[in-house]
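# Structural overview for review
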Amino acid sequence: MRGQTSALGVAALSVLPEEMENKEKEDCPEEDALCQTAHLFCYPAQSNFSGRKYPLSYVRGIQTRRLYPASHRRGRWFVLLDAASYVSCSPLDLRDCPADFIPISFYKMFGFPTGLGALLVRNSTAGSLRKTYFGGGTAAAYLTSEDYYVEAANISDRFEDGTISFLDIVALNHGFESLYRIAGNMHNIQLHTFGLARYTFILLSGLCHGNGRRAAQIYADGHFDSPATQGSILNFNLLDSNGRIIGYSQVDRMASLYNIHVRTGCFCNTGACQALIGITNQQMKRNLQAGHVCGDSIDLVDGQPTGSVRVSFGYMSTFEDCQKFLSFVAECFVEKPVTVDPDRLQGLLPVSAPSERSNGVSPIQAFQEESCEVVQREEPVERRDAYTLTNIYIYPVKSCGAYEVHNWPVGPLGLLYDRAWMVVNRNGVCLNQKREPRLCLISPRIHLPSNKLMLQASGMETISVPLEKDILLHTGSAVSQSKVCGDRVETVDCGAEAASWLSGFLGQPCRLIRQSPDFTREMKKRPCDGLVQNALMKGRFKVVLSDKVLFFCGWRRLRCISSDISFCASDSENRLTSSKLWDTDQPQLKAAPSPSLSLVNEAQYLMINLASVKLIQSLMSSRQGGGEDQELLVSQKVIRRFRANLVITGGEAFDEDNWSHLIIGSTRFVVAGQCGRCQMVGIDQDTGAKCKEPLVSLSALRGGKVTFGVYLTHETADGSAAGHALSVGSVIQPEPHGP
């Protein structure tokens, strides 16, 4: 809005709620009433971030110029009341709330149709609205040969440009019908959803780890005392037993395993996010410099949250939903034994009104009994065990089965032919195992002597696809565009035979495509794990900017790698630009080009440690006790779930997290970051069946984090590793991060 109005010379002013009443005036001078300069005051009836409800009386207070800022500026004041979040679970009487403009969301009320809402305009205000353009259906008449246009008389016709979503609008009748049939009226919905939110707030805010530390940080302006001041939204971050924030991305991934849908981030409400979480403007800017943008999964920067988790309740939500959510939190993120602050439980008495207390903990008994044992890992000690490469896997077709090899060439994009192909649906959208678990039952094989990709699956005849890069000669297909992890990639279709084979096996129309040989996809920039920023902030380096060249002077050894920066700062002075390094002791130029990728998600290689696998395996064994998913405890099954390219053995579990570089055989690699895991690791690669493990055990072991394995890129003088090869049995020489 600021950008639109500033071009017309209109000023924007931010107002805090407390300012409105603190600067209140009882009466305005009579001469002020003669001024008709138009002003628009916008405010939300309910915060979509915290659920706080703002007084509806502000509408009349602004219109009568009693409240600030209207009390301090002459003119006619209009009010836009954003009721999109409010009307989802609360009644709104327009007779008591005469706002001029009220946007509402039907999607928030019914959950369907997606994106459908309405703008309510008061009749007395409609005549003040003017458009600077017109579209189809909004004109009473117009001419093409001269500047002649007469707007439609009806305001809805005037502002509904083009064809409205009439098929979605038809569904609204069913939405209202269901709402009133199930709940009766909006007042009932308000009481019901507030009760759910209050119940969850009291228990979550009182939830404690076994050491007594609280398990959640709630972001709210009150204590859920009344539905008049609080909506059915609960916003929070979870804390580990040391008081550290658990990133919202980790919570979201785990929640999906339990069929719980939460929202994460700042929810397009930066102001509330900053105010309640305590993020300064400078921190917001630093987060952007660290690689965080709205909507991504970077949930922590230097240990501080970039957003939070939001749980919202609707009229179809139940107390069983609350209990399931609380059980999920206790099982996955709370150190045992689970305890609840008894003072917080007192707040439940007016709601639950039990006849007698049962040891004071009856409201959480259901999830307290579901203990979640955590295997405590001893502090690692320095070891000199040799690390060895034990397994090499390539995945020729993205999300399909693995192909294990013992010796394999390294290409410019990673292991030769790794993720060179992918399966897309009829709309060209990439299929993965989360969408189509049966992909894991397809076994691609690379046959180098015949220069063919072989596709095999139970009950299907084996077919082949040529490996030649000039695939256009074989299929006659044109280059098209697809998407991988938000990146647009140029692809080539692999023909009708492969499409028919895949469609028959998966039971839906789909096609096999491969990355165009002439297309280069560069690795995205990744935050450098805060190493550079932390070192600079702690004064270890002096930075001078001169002619777009950075001078680093420091006494501590530091190594860092990103997609376009590679440098080593030591006792000598180094000059750094965005992609090149000059060392004053060795003045030759060192290039660090951005690595090129195939159709992988994030990096050229993914490596896991067998010691880490066995630790997860032992934790799953202790948690399951011979029950569900017992077959998962076989090491090879666990390895296949993590879908790594390289499996190593030696040392302690998670040693690899502390490496900056490593050498396998004669090929040098850079560690590009840890691999964040999602529910895809819960898919049995032999059957396609889904379960919660090993993600639940991984979260328990790592204190809410769900990272496992590290990303690698090969590091050579020209950025290519062509001509190299990896072999099982090769000795690995790791290089840990410097102090």
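Check the entry above for the structure.
Reference entry: report on the structure contained in this document. The model shown is predicted, which means the values in this text are computed figures rather than measured ones. The numbering scheme is per chain: residues are counted from 1 as the chain's sequence reads. Whole-chain, interface and lining totals are the exception, using all residues; otherwise, since this is a predicted model, local features are given only for residues with pLDDT of at least 70 and side-chain atom pairs are given and counted only at 80 or more. Side-chain descriptors were evaluated using all non-hydrogen atoms of the structure, hydrogens and water having been removed beforehand.

Put simply, DSSP H or I for four residues or longer makes a helix, DSSP E for two residues or longer makes a strand, and each gets a number counted from the N terminus. Assigned secondary structure in the chain consists of 21 helices and 42 strands. The 739 residues of the chain split such that 46% are buried. When checking whether two residues touch, look at their non-hydrogen atoms; a contact exists if any pair is within 4.5 Å. Sequence separation of at least 24 residues holds for 68% of the intrachain contacts in the chain that already meet a minimum separation of 6. Put simply, the chain shows about 36,400 Å² of open surface, and 50% of that area lies on carbon and sulfur atoms. Accessible area is worked out with a 1.4 Å probe on protein chains only. A residue is then buried under 20% of its type maximum, exposed over 50%, and partly exposed in between. Using a 1.4 Å probe, accessible areas were evaluated by the Shrake-Rupley method; residue-level cover was limited to the displayed protein chains.

Below, the discussion takes up the pattern of salt bridges. A side-chain nitrogen of Lys or Arg and a carboxyl oxygen of Asp or Glu constitute a salt bridge if their distance falls within 4 Å. With the rule as written, the count across this model stands at 14 salt bridges. The salt bridge involving Lys-637 is made with Asp-684; its shortest N-O contact spans 3.7 Å. Placement of the pair is Lys-637 in helix 20 (residues 635-642) and Asp-684 in the loop between strand 39 (667-676) and helix 21 (695-701), with a sequence separation of 47 residues. Across the pair, Asp-684 and Lys-637 agree in class, each one buried. One salt bridge in this structure joins Glu-735 and Arg-668, with 3.8 Å as the shortest N-O distance.

Turning our attention to helix 7 (residues 166-183). Spacing of three or four residues puts side chains on the same side of an α-helix, whose turn is 3.6 residues. Its 18 residues give helix 7 an end-to-end C-alpha distance of 26 Å, which sits within 8% of 26 Å, the value for a rise of 1.5 Å per residue. Of the positions making up helix 7, those classed as buried are Ala-171, Leu-172, Gly-175, Ser-178, Leu-179 and Ala-183. Projected onto a plane normal to the axis of helix 7, the buried residues spread over an arc of 140 degrees and lie on a single side. Those residues of helix 7 that are exposed and angled more than 90 degrees off the buried face are Val-170, Asn-173 and Arg-181. In this structure, the buried side of helix 7 is in contact with helix 4 (106-110) and helix 8 (186-206). Among the residues trailing helix 7, Gly-184 stands out with phi positive, at a value near 95 degrees. Expected helix span is given by 1.5 Å per residue-to-residue step, counting one fewer step than there are residues. The arc refers to the directions leading from the helix axis to the C-beta atoms.

A separate point is the nonpolar core. In this description, a nonpolar core means a group of buried Ala, Val, Leu, Ile, Met, Phe, Trp, Tyr and Cys residues linked to one another through side-chain atoms lying within 4.5 Å. The biggest cluster of nonpolar side chains holds 72 residues, and the ones touching the most others in it are Leu-204, Phe-236, Leu-238, Met-254, Phe-325 and Phe-328. Residues in contact with Phe-328, not counting those within four places in the same chain, are Val-251, Met-254, Ala-255, Tyr-258, Ile-260 and Phe-333. One finds Ala-457, Val-465, Cys-494 and Val-671 within the second-largest nonpolar core, a separate group that totals 46 residues.

Whenever a pair of cysteine sulfur atoms sits within 2.5 Å, that pair is classed as a disulfide. Taken as a whole and assessed by the stated rule, the structure comprises one disulfide. Between the sulfur of Cys-266 and that of Cys-273 lies a disulfide, 2.1 Å long from S to S. When the S-S torsion is -45 degrees, as for the bridge of Cys-266 with Cys-273, the disulfide is left-handed. Comparing Cys-266 with Cys-273 shows no difference in burial state: the two are buried. Cys-294 takes part in no disulfide bond, and the closest cysteine sulfur to it belongs to Cys-266, at a distance of 6.9 Å.

What follows concerns the sheet that holds strand 18 (residues 407-411). With antiparallel pairing, three strands are arranged side by side in an open sheet as 19-18-41. Both edges of this open sheet fall to strand 19 (414-415) and strand 41 (725-727), since each of them pairs with a single strand only. Note on pairing: DSSP must find at least two bridges between two strands before they are called paired.

Once that is clear, we can look at the sheet that holds strand 21 (residues 443-447). Ordered by their spatial adjacency, three strands build an open sheet running 21-22-23, and the pairing between neighbours is antiparallel. Of all strands in the sheet, those bounded by a partner on one side alone are strand 21 and strand 23 (463-466). Put simply, the sheet's adjacent strands are angled 25 degrees from each other on average, direction ignored. In this structure, strand 21 lies alongside strand 22 (residues 452-456), joined through five bridges in antiparallel fashion. As a rule, the C-alpha atoms of each element are fitted with a line to give its axis, helices using only the stretch in contact, and angles between N-to-C directions run from 0 to 180 degrees.

Our focus in this paragraph is the side chain of His-714. Residue placement: His-714 occurs in strand 40 (residues 707-714). Classification of His-714 as buried rests on a relative accessible area of 5%. Nitrogen and oxygen atoms within 3.5 Å of one another constitute a polar contact, given that in protein one can donate a hydrogen and the other can accept it, and given that sequence-neighbouring residues count only through two side-chain atoms. Polar side-chain contacts of His-714 include one of 3.0 Å to the side chain of Tyr-605.

Following Lys-336, the chain continues to Pro-337 via a peptide bond in cis, the omega torsion being 0 degrees. The topology assignment puts Pro-337 in the loop between helix 12 (319-333) and strand 15 (339-340). With an omega of 5 degrees, the peptide bond running from Glu-693 to Pro-694 counts as cis. Within the fold, Pro-694 resides in the loop between strand 39 and helix 21. Even without being a glycine, Phe-224 presents a positive backbone phi close to 55 degrees. Following the sequence through the fold, Phe-224 ends up in the loop between strand 8 (216-218) and strand 9 (233-239).

Attention now moves to the pairing of strand 16 (residues 387-394). Among the eight residues in strand 16, six count as buried, and that is most of the element. Two elements, strand 16 and strand 42 (residues 731-736), share two bridges in a ladder whose sense is antiparallel. Across the sheet, the residue bridging to Tyr-387 is Ile-732, located in strand 42. In this sheet, strand 37 (residues 646-649) lies alongside strand 16 in antiparallel orientation, the contact comprising four bridges. If you follow Ile-392 over to strand 37, its bridge partner there is Leu-646.

On to helix 8, then. Over its 21 residues, helix 8 extends 30 Å from the first C-alpha to the last, a length consistent with the 30 Å expected when each residue adds 1.5 Å. Within helix 8, 17 of the 21 residues are buried, leaving the element largely enclosed by the surrounding structure. Between the side-chain oxygen of the N-cap and the backbone nitrogen of His-187 there are 3.1 Å, and the N-cap of helix 8 in question is Asn-185.

Here we take up the packing of helix 8 against helix 12. As a packed pair, helix 8 and helix 12 sit with axes 10 Å apart at the nearest point and diverge in direction by 20 degrees. Considered as vectors, helix 8 and helix 12 are oriented roughly parallel to each other. At the point where helix 8 passes helix 12, the crossing takes the right-handed sense. Within the contact between the two elements, helix 8 uses Gly-195, Leu-196, Tyr-199, Thr-200, Leu-203 and Leu-204 and helix 12 uses Phe-319, Cys-322, Gln-323, Phe-325, Leu-326 and Val-329. Should an angle fall under 35 degrees it is called roughly parallel, over 145 degrees roughly antiparallel, and 65 to 115 degrees roughly perpendicular, with every other angle called oblique. In this scheme the crossing of two helices becomes right-handed for a clockwise turn of the near helix relative to the far one and left-handed for an anticlockwise turn of less than a right angle.

In this section: a nonpolar patch on the surface. Grouping into patches uses exposed residues only, defined as over 30% relative accessible area, and leaves out salt-bridged ones; the cut-off is 9 Å for like charges and 5 Å for nonpolar side chains (Val, Leu, Ile, Met, Phe, Trp, Tyr). A surface patch of nonpolar side chains, amounting to about 390 Å² of accessible area, comprises Ile-164, Phe-166, Leu-167 and Ile-169. Topologically, Ile-164 is positioned in the loop between helix 6 (155-159) and helix 7.

Okay, the packing of aromatic side chains next. Each Phe, Tyr or Trp ring (for Trp, its six-membered ring) is paired with any other whose centre lies within 6.5 Å, and the angle between the two planes then decides the class: stacked below 30 degrees, edge-to-face above 60, tilted in between. Applying the stated criterion to the full structure yields 20 aromatic pairs. Judged by centre distance (5.2 Å) and plane angle (50 degrees), the ring pair of Phe-134 and Tyr-142 falls under tilted. Ring centres 5.8 Å apart and planes at 85 degrees place the aromatic pair Phe-654 and Phe-708 in the edge-to-face group. With Phe-654 in the loop between strand 37 and strand 38 (659-664) and Phe-708 in strand 40, the pair connects residues that are 54 residues apart, well separated along the chain. Joined through ring pairs, the aromatic side chains of Phe-236, Tyr-258, Phe-325, Phe-328 and Phe-333 make up one cluster. For the cation-ring pair, Lys-131 lies above Phe-159, with the distance from its terminal atom to the ring centre recorded as 5.6 Å. Cation placement over rings: the criterion is NZ of Lys or CZ of Arg within 6 Å of the ring centroid and within 35° of the ring normal. The positively charged end of Arg-702 is found above the aromatic ring belonging to Phe-654, 4.0 Å away from the centroid.

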